[in-house]
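# Geometric and topological summary
Listed below are the residues making up each chain.
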Amino acid sequence: MAAKPILYYFDGRGRMESVRWLLAAAGVEFEEVLLETAEEFDSLIKDGKLMYQQLPMVEIDGMKMVQTRAILRYIAGKYNLYGKDLKEQVLIDMYTEGMKELSDLFMLVPFAALEDWEKSVKFITEKATQRFLPVYEKALKDQGKNYLVGNQLSWADVFLLEVILMVEECKSDALSAFPKLQEFKAAISKLPRIHKFLQPGSPRRPPMDEAGLEAAKKLFNLEKGLLFKYSTIVLVEL
Amino acid sequence: MANKPILHYFNGRGRMESIRWLLAAAGVEFEEQFFETKEELQKLKATVLLFQQVPMVEIDGMKLVQCRAILHYIAEKHSLLGKDLKERTLIIMYSEGTMELMELLMIYSVLTGEEQKQKLDEITNKTKNRYFPAYEKVLKTHGQNFLVGNQMSLADVQLIETILMVEEVIPDALSGFPLLQAFKTRMSNIPTIKKFLAPGSKRKPVADAKSLENIRKIFS
């Protein structure tokens, strides 16, 4: 029997959360090694387990996989969540890259406490409701069903639900102008594996709180003051 | 006959350069439409850009956006993304590392003064201690000429692009990395790449101060 994938990260959402979502949607049980100190991180690096000395890292199928995009695409490909042909795949890639941009911005919200919190949150939620969500609303409208691409659930749908919930944590009425997204959210949340992931006791992580922020600061090297200097470039090493 | 891909961007490297490299390496001729003013970019945003962003590439009846979506599409179409899921994943792992380094170089190019100097220190440190050792190790471990699967892939094209970009600001970047030096020589001699490196190709130069100022105006 194949070993379960092992996720190496800190005990928080960060860049690993999308991986947890996708494995859950694929019905794949996994284990987690949760790092708590800089020493534990250094130890992984010294053991040569991190190709670029960075996390996330996932041990899966004999590989020590790094780079979130590589990890997500592997899981999507392996579990038939990447479309049926190249044209569906490129659509999934375009949509998920947009979602990644948005999710990278939301990842910074707890760290926005380092700068002007209200201004930062306003900037991020506006990007969500003006640039990204309208695109997915339209895609669902054109598709006429609750899948972004093709005729079946794909990674793009899983990621979209994750992002919708993230936006709503910052702005509870974020979907008020998007009826198709509301319908989508309800439909995808009901799928058995997703529903299970949304219940207490699942590997899903809560939003970062004060304690989590302090822990992350200890583990990772944050470049204060540069978080929002370049609107599409994230200068945080996570 | 299929239409040539059309690249929509400004006349400079930016986030389109990796796409130019890949098309060139794959031997695919392409056309470019440059926007030169804020108004021209606004028009594109209002009409054909999915997320109101560039790069955008018109190819095979689609208007593709998002660098990685574009790169992976072209790579897969031209057999530069490996022969199976595992090779593909390795290629993307390596490609993502090069893109991180190229992103730092992009930021460096728009900074000035002390900030720019600090960024260069960071790039030098990461090149010599993080990224180049990683790729040197990959080549050493399997002893092959290409990073993955004994044939050219997206990862190799992005690595040669990155090496040349790094050397523009750190001339001795490859010292201490003999396998990467040999890799650079071999890749530069591949006919399609050799052609792209010669004058008259669509490869873009480093932006000078005037171009940077113009780019700032367009995206303001």
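Residues numbered from 1 in each chain as written. Chains lettered and ligands numbered in written order. Predicted model: local features only at pLDDT ≥ 70, side-chain atom pairs only at ≥ 80, totals over all residues. Heavy atoms only, no water.

Another point: the side chain of Asp156(B). Residues and elements named next belong to chain B. Of note, Asp-156 is situated in helix 6 (residues 154–169). An unpaired buried charge is present at Asp-156: no salt bridge exists, and Arg-186, the closest side chain of opposite charge, is 7.2 Å distant. Separated by 2.8 Å, the side chain of Asp-156 and the backbone nitrogen of Leu-147 make a polar contact. Leave out the neighbours within four places in its chain, and Asp-156 touches Phe-146, Leu-147, Gln-151, Phe-183 and Met-187. (Helix = DSSP H or I, 4+ residues; strand = E, 2+ residues; numbered from the N terminus. Buried < 20%, exposed > 50% of the residue type's maximum accessible area, 1.4 Å probe, protein only. Lys, Arg positive; Asp, Glu negative; His and termini not counted. Salt bridge = Lys/Arg side-chain N within 4 Å of Asp/Glu carboxyl O. Polar contact = N/O pair within 3.5 Å; in protein donor to acceptor, adjacent residues only side chain to side chain. Contact = heavy atoms within 4.5 Å.)

What follows covers the environment of Pro179(A). Within the secondary structure, Pro179(A) is located in helix 7 (residues 179–190). Along the backbone, Pro179(A) and Ile75(A) are 104 residues apart, and their C-alpha atoms lie at a distance of 30 Å.

Take the pattern of salt bridges next. Following the criterion strictly, the structure yields 41 salt bridges over all chains and no others. Notably, a salt bridge pairs Lys122(A) with Glu126(A), separated by 3.1 Å at the nearest N-O pair. On the criterion of helical spacing, the pair formed by Lys122(A) and Glu126(A) is a turn pair, its members being four residues apart in helix 5 (residues 117–143). Overall, Lys122(A) belongs to the exposed group, its relative accessible area being 51%. Taking relative accessible area as the criterion, Glu126(A) reaches 33% and is therefore assigned partly exposed. Among the salt bridges present, the one from Arg20(B) reaches Glu17(B), with a minimum N-O distance of 2.7 Å. Of the two residues, Arg20(B) and Glu17(B) are both situated in helix 1 (residues 17–25); the distance of three residues between them amounts to about one turn of the helix. On the basis of relative accessibility, which here comes to 0%, the residue Arg20(B) falls in the buried class. The network of salt bridges with shared partners includes Arg69(A), Arg73(A), Asp93(A), Glu97(A), Arg68(B) and Glu96(B).

This part takes up a negative patch on the surface. A surface patch of negative charge is lined by Glu36(A), Glu39(A), Glu40(A) and Asp42(A). Inspection of the secondary structure assignment puts Glu39(A) in helix 2 (residues 38–46). (Patch = residues over 30% accessible without salt bridge, like charges linked within 9 Å, V, L, I, M, F, W, Y side chains within 5 Å. Areas by Shrake-Rupley, 256 points an atom, 1.4 Å probe, with all protein chains shown as cover. Charge placed at Lys NZ, Arg CZ, Asp CG, Glu CD.)

It is worth spelling out the UniProt feature "domain: GST C-terminal" (unreviewed entry) in chain B at this point. UniProt marks residues 84–206 of chain B with the feature "domain: GST C-terminal" (unreviewed entry), using the numbering shown here. Counted over residues 84–206 of chain B, helix gives 74% and strand 0%. Its end C-alpha atoms are 36 Å apart. (UniProt positions renumbered as here; feature names shortened; annotations may be inferred.)

Let us look at the packing of aromatic side chains. How two aromatic rings sit relative to each other is set out by the distance from centre to centre and by the angle between their planes. All names here are of chain B. Overall, the coordinates contain 16 aromatic pairs over all chains when judged by the stated rule. Ring geometry for Phe-35 against Phe-219: centres 6.2 Å apart, planes inclined by 70 degrees, an arrangement best described as edge-to-face. One end of the pair, Phe-35, is in the loop between strand 2 (31–34) and helix 2 (38–47); the other, Phe-219, is in the segment after helix 9 (209–218), with 184 residues separating them in the sequence. Overall, Phe-35 belongs to the buried group, its relative accessible area being 3%. Residue classification places Phe-219 among the partly exposed positions, given a relative accessible area of 40%. (Phe/Tyr/Trp six-rings, centres within 6.5 Å; stacked < 30°, edge-to-face > 60°.)

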